[in-house]
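Residue-level structure breakdown
So you can see what is in the structure, the chains are spelled out below.
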Amino acid sequence: MTESKNKLKTAFVFSGGASLGAVEAGALKAIVEHGIKADLVLGTSVGSLNGSMYAFNPTMEGVKDIEEVWLSIKFLNVFSPSPITPVINFTTAGQYAISPKNLRELITEKLPFTNIEETKIPLYIVSTDIKCGEEVVFNKGLAIEGLMSSVCLPGVFPPQHMEDRTMVDGGILNNAPISTAVRLGAERVVIFPIGVPSSDQEPKNIFEILIRMFIYLLNRQLATDIQLYKDKVELVIIPPPDCIDVGPHDFTKSKILIEQSYQKAKEWLAKDGFKPNPNDYPYPCDVHTPRINLMEAVIPDPEKKASTRVKESIQETSQEMKKSLDKAADDIYSGLVKKGGEIRKKLSQKKDKKELEE
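Residues numbered from 1 in each chain as written. Predicted model: local features only at pLDDT ≥ 70, side-chain atom pairs only at ≥ 80, totals over all residues. Heavy atoms only, no water.

As a further point, take the overall build of the protein. A count of helical and extended segments in the protein gives 13 helices and 10 strands. On the protein, roughly 20300 Å² of surface is accessible, and the fraction owed to carbon and sulfur atoms is 56%. (Helix = DSSP H or I, 4+ residues; strand = E, 2+ residues; numbered from the N terminus. Areas by Shrake-Rupley, 256 points an atom, 1.4 Å probe, with all protein chains shown as cover.)

Next up, the structure:
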């Protein structure tokens, strides 16, 4: 980088995307290795957690901490469904389906600081006031409350009530808060998009459909914002992996996502270098380019019977369980072999010692 590049006030922008937030961890590793630093950090939804940890410790050690968080997250750490909660909420006109207790405990355990002001780099956590449709940006106060406000996906988690505001997921209004970074004085905005799930994966239930719908809306918003700001500030979009074969609800593939996004960012840096690239980024969910997908309407495929869907779901679950059991068996076997080797070694040492004594 040249000296003039270094002088630009640089914002790192981390977007939301459920389990696909692991993509940001891998991309961030490549960028920090390359020596790029931020002057301010903005995050929305799960991106606010990534951004918070980076802002507190903007080093390779801090990036490693983010990776370890992602590798430790399980589905039930985030989405802890209860058969009772939806019934209670339905009968009492409730506002959510899942208790945020496990998610709050996870963030509290992993977050290495208490107040937003403690971060090394100024941190801005983006949320939405669902009552009036206003963006709200937390820049001080309790980090856990700001983060919980930013990740409260409407209908899934309960809103956060603060003063006279009702806070929900920041991605509703500003998932990749480029506009907020610019208003805060950023001259260069480095964006960490999450990409989109593979089109080869069809969502299998209403929850997966809602999550995927949300991610497509967020990517469409990102494409619009890039078009709006590409001539006003330097926009550097860190390209996510080309094909993400992981659903946004699947937290078991974080290691794969981190490795794929890290390699993709490294390849991009080696080929193109760290420079503005808004015209080179292949925008998913873009509705602004000349290309239009014209199609003839025909009779659709018949809907699968409920019994067929249940059977397929059972088969898929069985396959996943078999893979998990096979892996557990392999791990146990490897552990026993290792332990057996250690025992044989100790017995051999004792035998040799006894022979020497005799």
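Having put the structure on the table, let's press on.
Counting buried residues along strand E1 (residues 10-14), five of its five residues qualify, which places the element largely inside the surrounding structure. Both faces of E1 are covered, namely the face carrying Thr10, Phe12 and Phe14 and the face carrying Ala11 and Val13. As judged from the five bridges shared by E1 and strand E9 (residues 188-192), these two strands associate in the parallel manner. Directly across from Phe12, in E9, lies its bridge partner Val190. By the bridge criterion, four bridges tie E1 to strand E2 (residues 40-44) in an arrangement that is parallel. In the strand pairing of E2, Phe14 is matched with Gly43. (Buried < 20%, exposed > 50% of the residue type's maximum accessible area, 1.4 Å probe, protein only. Pairing = 2+ DSSP bridges.)

In this section: the confidence of the model for the protein. A residue-level look at the protein finds 88% of positions with pLDDT of 70 or above and a mean pLDDT of 83. The weakest mean pLDDT in the protein belongs to helix H6 (residues 84-91) at 50; the strongest belongs to E1 at 97. Taken together, the stretch residues 1-5 has pLDDT below 50 and engages in eight contacts with residues farther than four places along the chain or on a different chain. (pLDDT = per-residue confidence, 0-100. Contact = heavy atoms within 4.5 Å.)

This part covers the pattern of salt bridges. Across all of its chains, the model carries eight salt bridges by this definition. In this structure, Glu67 and Lys29 form a salt bridge, with 3.8 Å as the shortest nitrogen-oxygen distance. In this pair, Glu67 is assigned in helix H4 (residues 60-72) and Lys29 in helix H2 (residues 22-33), connecting sequence segments 38 residues apart. Relative accessible area serves as the criterion here: at 10%, Glu67 is assigned to the buried category. Exposure remark for Lys29: the relative accessible area of 22% places this residue in the partly exposed category. Arg183 is the partner of Glu135 in a salt bridge, and the nearest nitrogen-oxygen pair spans 2.9 Å. Taken together, the residues span a long stretch of sequence, with Glu135 in strand E6 (residues 134-138) and Arg183 in helix H10 (residues 178-183) at a distance of 48 residues. (Salt bridge = Lys/Arg side-chain N within 4 Å of Asp/Glu carboxyl O.)

Let us now look at a nonpolar patch on the surface. A cluster of nonpolar side chains, Ile206, Leu210, Met213 and Leu217, forms an exposed patch at the surface whose accessible area comes to about 410 Å². Considering the arrangement of structural elements, one finds Leu210 in helix H11 (residues 206-229). Under the relative-accessibility criterion, Leu210 is labelled partly exposed at 44%. (Patch = residues over 30% accessible without salt bridge, like charges linked within 9 Å, V, L, I, M, F, W, Y side chains within 5 Å.)

Turning to the packing of H2 against H4, a few remarks are in order. Look at H2 against H4: their axes get within 10 Å of each other, and the N-to-C directions meet at 165 degrees. When the axes of H2 and H4 are compared, the pair comes out roughly antiparallel. Crossing geometry of H2 relative to H4 is assigned as left-handed. Together, Ala22, Ala25, Leu28, Lys29, Val32 and Glu33 of H2 and Met60, Val63, Ile66, Glu67 and Trp70 of H4 make up the contact between the two elements. A class-by-class count of the residues in the contact of H2 with H4 yields eight nonpolar, no polar and three charged. (Axes fitted to C-alpha atoms, helices over the stretch in contact; angles between N-to-C directions. Parallel < 35°, antiparallel > 145°, perpendicular 65-115°, else oblique. Left-handed = near helix turned anticlockwise from the far one by under 90°. Nonpolar A, V, L, I, M, F, W, Y, C, P; charged D, E, K, R; others polar.)

Relative to the 18 Å expected for 13 residues at 1.5 Å per residue, H4 spans 19 Å between its end C-alpha atoms, a close match to the ideal helical length. Of all the positions in H4, only Gly62, Val63, Ile66, Glu67, Val69 and Trp70 are classed as buried. Buried residues of H4 fall within an arc of 160 degrees about the axis and therefore sit on the same side. As for H4, its buried residues are in contact with H2, helix H3 (46-56), helix H7 (101-110) and helix H12 (254-272). (Expected span 1.5 Å × (residues − 1). Arc of directions from axis to C-beta.)

Tracing the sequence through the fold places Ser179 in helix H10. Residue classification places Ser179 among the buried positions, given a relative accessible area of 12%. Among the polar contacts made by the side chain of Ser179, one reaches the side chain of Asn174 at a distance of 3.1 Å. The residues touching Ser179, leaving out its near neighbours within four places in the chain, are Asn174 and Tyr229. (Polar contact = N/O pair within 3.5 Å; in protein donor to acceptor, adjacent residues only side chain to side chain.)

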